[in-house]
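# Coordinate inspection notes
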Amino acid sequence: MSRELDSYLVGLPKADLHVHLEGALRPATLLELDRRNGGALGGLDEGLLADRFRFRDFRHFTDLYSICTDVFRGPNDFARAVAELAEDLAGQGVVYAEITCSAITHHRDRGIPFDELVDGLWAGAVAAERDTGVVVRFVLDHVRDLSEEDCFRTAEWCVRGRDRGVVALGLGGHEPGRPASLFAGAVRWAGERGVPFVPHAGEAAGAAAVSDALAFDPPRIGHGFRAAEDRELVGDLLARGTVLEICPTSNLRTGVVTGLAEHPARALRALGVPLVLGSDDPLLFGTTLLDEYRQAANGFGWGPDDLAAVARTSLTAALVHSDAPAEHRGKRSGTTVEKGILPPLK
């Protein structure tokens, strides 16, 4: 990659629409919180974390992810994590982020009340916009291993949290055998109350999982690249304008793709399917959103025009919630984020 292109990518206004709070902690923060809580990382230091986070397969990744989730204990931890993530994103040209948080896991495993959790998230978002200019909103995701009753609880929290930056109901976790349709009642209940659904699908499971999720007409699907296995399904994505969130490094590290040259994102973009790039879990995968743009340039062969189009899509696909209190809406809302202003390539 040329220095000229790399400099352009740094300055390219962009959104990260696929990043998990628990998997985006700074290494030092993870270790500090773990030591404070007497957690599973014991005597590790930052240099050993990369070795600890080597995944045998996708299930092993989800098991290790729980270590990161377990270090949160109260609203200040959530606020700190959000503010630090926004600061990290700001240096990469990110002007907007939709951060996914597995609220139901924090509630079930450690008894953290929803209002404490969402107040902490929102305090971090307010601090982030004040200090960095990055606009932050939240997706609360249901974890597939849990019940539809738990999904209804998360859906209820999404509705209750809209005044504190919650913009969507998500769906994550180990995908095979746990399609989105298992949670249809909760998803539809949230949708009837104005909360969109942005599930993960078509990552560790095939095209049928994407088709299953698409039945709920989501504005975006996390990953979703296995749709390339079904030409009719690709046509459906095109007709609906559904945006796929592509996370190249994540896909490599969890073993769901073998190499970037073979990644279906290349063919999907060539067919016109709208795509964005996401960092997924920067801590676990040793990446950043900027690195994902570099991966797309080097591994997908995407040039400046392709990458600018992806960045523009990330801004226009944002689910900025218009009901957030006016005193917390920064100067960037309604300008850079919504219009997708991009700089010229020098």
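Refer to the preceding data block for the structure.
Heads up: these notes are all about the structure in this document. (Residues numbered from 1 in each chain as written. Predicted model: local features only at pLDDT ≥ 70, side-chain atom pairs only at ≥ 80, totals over all residues. Heavy atoms only, no water.)

Moving on, we come to the sheet that holds strand S3 (residues 135-143). Strands in a sheet are paired, the pairing made by backbone hydrogen bonds, and the direction either parallel or antiparallel. Reading across from one edge, S1-S2-S3-S4-S5-S6-S7-S8 is the order of the 8 strands in this open sheet, with parallel pairing throughout. Strand pairing shows two members of the sheet lacking a second neighbour, strand S1 (14-20) and strand S8 (275-277), which therefore form its edges. Direction aside, the axes of adjacent strands within the sheet are offset by 25 degrees on average. Two elements, strand S5 (residues 197-201) and strand S6 (residues 220-223), share 2 bridges in a ladder whose sense is parallel. Directly across from His-200, in S6, lies its bridge partner Gly-222. Against the sheet, helix H15 (residues 289-299) contacts S1, strand S2 (94-101) and S8, and its axis sits at roughly 105 degrees relative to S1. (Pairing = 2+ DSSP bridges. Helix = DSSP H or I, 4+ residues; strand = E, 2+ residues; numbered from the N terminus. Axes fitted to C-alpha atoms, helices over the stretch in contact; angles between N-to-C directions. Contact = heavy atoms within 4.5 Å.)

In this section: the packing of aromatic side chains. Tallied over the entire structure, the rule returns 4 aromatic pairs. An angle of 10 degrees between the planes, with centres 5.0 Å apart, marks the rings of Phe-114 and Trp-157 as stacked. In this pair, Phe-114 sits in helix H7 (residues 114-132) while Trp-157 sits in helix H8 (residues 148-160), placing the two residues 43 residues apart along the sequence. Sitting over the face of the ring of Tyr-293, Lys-14 holds its NZ or CZ atom 5.5 Å from the ring centroid. (Phe/Tyr/Trp six-rings, centres within 6.5 Å; stacked < 30°, edge-to-face > 60°. Lys NZ or Arg CZ within 6 Å of the ring centre and 35° of its normal.)

Our next topic: the packing of helix H1 (residues 3-11) against helix H16 (residues 304-316). Where H1 meets H16, the closest approach of the two axes is 11 Å, and the angle between their N-to-C directions is 10 degrees. Considered as vectors, H1 and H16 are oriented roughly parallel to each other. Residue-level contacts link Leu-5, Tyr-8 and Leu-9 of H1 to Pro-304, Leu-307 and Ala-308 of H16. For the contact of H1 with H16, the per-class residue count stands at 6 nonpolar, no polar and no charged. (Parallel < 35°, antiparallel > 145°, perpendicular 65-115°, else oblique. Nonpolar A, V, L, I, M, F, W, Y, C, P; charged D, E, K, R; others polar.)

Attention now moves to the pattern of salt bridges. The full count for this structure, using the stated rule, is 22 salt bridges. In this structure, Arg-80 and Glu-84 form a salt bridge, with 3.0 Å as the shortest nitrogen-oxygen distance. Residue Arg-80 and its partner Glu-84 are located together in helix H5 (residues 75-90), separated by 4 residues, close to a single helical turn. For Arg-80, a relative accessible area of 28% puts it in the partly exposed group. One network of salt bridges, in which partners are shared, links Asp-115, Asp-119, Arg-160, Asp-163 and Arg-164. (Salt bridge = Lys/Arg side-chain N within 4 Å of Asp/Glu carboxyl O. Buried < 20%, exposed > 50% of the residue type's maximum accessible area, 1.4 Å probe, protein only.)

All right, on to the packing of H15 against H16 then. A packed helix pair is summarised by two numbers, namely the angle formed by the two axes and the spacing between the axes. In the contact formed by H15 and H16, the axes pass within 11 Å of each other and the chain directions differ by 145 degrees. The crossing of H15 and H16 is right-handed. Along the contact surface, H15 presents Tyr-293, Ala-296 and Ala-297, while H16 presents Leu-307, Val-310, Ala-311 and Ser-314. Its residues placed into classes, the contact of H15 with H16 shows 6 nonpolar, 1 polar and no charged. (Left-handed = near helix turned anticlockwise from the far one by under 90°.)

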